[in-house]
Amino acid sequence: MSDLSVVCGAGGFIGGHLVRSLLEQGKAVRAVDIKPLAEWYQLVDDAENICWDLRIPERHDESIAELLWGASNIYNLACSMGGIGYIENNKSDCMMSVLINTNLLDSAQKTCNRYFFSSTACVYAADKQSDPNVTALKESDAYPAMPEDGYGWEKLFSERMCRHFREDHGLQTRVARFHNIYGPHGTYDGGREKAPAAICRKVIQAKLSGKHEIEIWGDGEQTRSFAYIDDCIRGIHAITDGDYADPVNLGSSEMVSINQLVSIAEEIAGITLTRRYKLDAPQGVRGRSSDNTLFRSLYGWEPSIKLRDGLEKTYRWIYDELAR
Ligand code: NAD
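Summary of the structure given here. Bear in mind that the values here come from a model prediction, so they are computed numbers and not experimental data.

1. Here's the deal with the nonpolar core
Now for step 1: V7, I14, F178, V203 and I236 are the most contacted members of the largest nonpolar core, which totals 57 residues.
Now for step 2: Element by element, the count of residues in this core is highest for helix α9 (residues 258-269), at seven residues.
Now for step 3: Apart from the residues within four sequence positions on either side, F178 is in contact with I14, L77, F116, S118, S119, T120, A121, C232, I236 and L250.
Now for step 4: Counting residues in each nonpolar core, the second largest holds 25 residues, with L4, V6, I64 and A71 among its members.

Quick look at the structure:
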């Protein structure tokens, strides 16, 4: 097998960091995304960068099988998604990403060895996440199935496709359930941003404008855990290179409320804001955190970069973007 990796969704947040990491490991990388190259969050010249809508199996005269040809590993991070405001209001668009995974798996079974799929904590059943003091979610909590409507159903179905391509065709599939990944070079405005980037942006805008107020979606008591991008990339490598083939959580177990997240961002900024709660805004489940028992037992470590440390780096990056 060659040392070529194909990264799908390479113009996005996690994909961009993964391309850099694979190149640092000495791998050759083919990077693919639907966005024009000028809109990629990180464009790395050492990779072969290709613009392709992966919902469509051909581009010009080339097929996806040709795109994947010669790769040892394929990473599927391509997906139309966003924070809770986006996924609650664009369910059909989120579900269309099933075509990406379908096309890639169908071609990967003929061409490659390992296939990594980025799933999500949104596959977990809603009734296990109704309390802010939630019990951390373990992998078996995805069934009986009642995931996030739209986005979560697409991911759960795609997880199953990975399993059946493994069972039926011998493709080595690996699946990570990401829990709220954050860090520099991600979406921080435009409607698809997630809570850590959104809160950093709002705090920075309040600081720069001198209008010391912040709008918080819901009552701020909903809880989440957030994993820093460096831990996520390390986890992707551990899962892809390892032997375990069923879905595994990739997240932090440091659970905070959104109000606590705002307080950390305020502390980094050195300001205190008046909080305005928008109670009718999308909030998602009431509580969610990652049970890392399985991850620890498989890989001997777990994501542990402190939220305060990761958020400071994220805040500084967004600040520089906004102050430019
Ligand atoms: P992102 O939006 O920054 O990156 C996704 C990329 O996929 C984008 O650049 C987008 O242009 C590309 N894409 C979308 N449709 C495409 C298509 N038809 N063909 C080719 N490319 C297409 O998101 P991200 O945060 O980097 O997330 C990467 C993956 O991880 C996604 O599958 C997402 O569902 C999953 N995930 C992310 C998080 C998180 O907290 N960031 C949490 C759970 C799961």
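2. Overview of α9
Now for step 1: Helix length check: α9, at 12 residues, gives a terminal C-alpha distance of 16 Å against a target of 16 Å (1.5 Å per residue), a fit within 8%.
Now for step 2: Counting buried positions along α9 gives nine out of 12 residues, so the element sits mostly inside the fold.
Now for step 3: Every buried residue belonging to α9 is among I258, N259, L261, V262, I264, A265, E266, I268 and A269, and all of these are buried.
Now for step 4: Those residues of α9 hidden inside the fold are in contact with α7 (195-209), β10 (213-217), β14 (255-257), β15 (274-278) and α11 (307-323).

3. A look at the environment of D3
Now for step 1: Tracing the backbone shows D3 in the segment before β1 (4-8).
Now for step 2: The class of D3 is partly exposed, set by a relative accessible area of 47%.
Now for step 3: C-alpha separation for the pair D3 and N73, spaced 70 residues apart in sequence, amounts to 8.0 Å.
Now for step 4: Look past the residues within four positions of D3 in its chain and what remains in contact with it is K27, A28 and S72.

4. Here's the deal with the packing of α7 against α11
Now for step 1: Taken N-terminus to C-terminus, the directions of α7 and α11 make an angle of 55 degrees; their axes are 9 Å apart at the nearest point. In terms of orientation, α7 and α11 fall into the oblique class. In the packing of α7 onto α11, the handedness of the crossing is right-handed. Taking contact as the criterion, the partners of P196, A197, C200, R201, V203, I204, Q205, K207 and L208 in α7 are, on α11, L311, Y315, I318, Y319 and L322.
Now for step 2: Here the contact of α7 with α11 is composed, by residue class, of 11 nonpolar, one polar and two charged.

5. Remarks on the pairing of strand β8 (residues 172-178)
Now for step 1: Most of β8 is tucked away, with six of its seven residues classed as buried.
Now for step 2: Bridge analysis of strand β7 (residues 114-120) against β8 gives seven bridges, and the strand direction is parallel. In the strand pairing of β8, S118 is matched with A176.
Now for step 3: Handedness of the β7-helix α6 (residues 151-169)-β8 crossover: right-handed.
Now for step 4: Sheet analysis places β8 next to strand β13 (residues 248-250), joined by three bridges and oriented parallel. Bridge pairing links R177 to N249 in β13.

What counts, and at which threshold
- Counting restarts for each chain, with residues numbered from 1 along the sequence as it is written.
- Reporting of local features is limited, given that this is a predicted model, to residues whose pLDDT is at least 70; pairs of side-chain atoms are given and counted only at 80 or more, and all residues count toward the totals for whole chains, interfaces and linings.
- Processing note: side-chain calculations cover all non-hydrogen atoms of the structure and skip hydrogens and water entirely.
- Put simply, a nonpolar core is a bunch of buried Ala, Val, Leu, Ile, Met, Phe, Trp, Tyr and Cys residues held in one set by side-chain atoms that sit within 4.5 Å of each other.
- Only protein chains enter the accessibility calculation, which uses a 1.4 Å probe. A residue is then buried if its area is under 20% of the maximum for its type, exposed if over 50%, and partly exposed in between.
- To qualify as a helix, a DSSP run of H or I must reach at least 4 residues; to qualify as a strand, a run of E must reach at least 2; elements of each kind are numbered from the N terminus.
- Only heavy atoms enter the contact rule, under which two residues are in contact if any of them lie within 4.5 Å.
- An expected span of 1.5 Å times one less than the residue number is assigned to each helix.
- Lines fitted to C-alpha atoms define the axes here, with helix axes fitted over just the stretch in contact, and angles between the N-to-C directions of these axes take values from 0 to 180 degrees.
- The labels follow the angle: roughly parallel below 35 degrees, roughly antiparallel above 145, roughly perpendicular from 65 to 115, and oblique for the rest.
- Less than a right angle of anticlockwise turn of the near helix away from the far helix marks a crossing as left-handed, whereas a clockwise turn marks it as right-handed.
- Classes in brief: Ala, Val, Leu, Ile, Met, Phe, Trp, Tyr, Cys and Pro nonpolar; Asp, Glu, Lys and Arg charged; the others, Gly included, polar.
- Only when DSSP finds a minimum of two bridges between them are two strands counted as paired.
- Crossover handedness is defined by viewing with both strands directed away from the observer: a clockwise path from the first strand over the helix to the second marks the crossover as right-handed.

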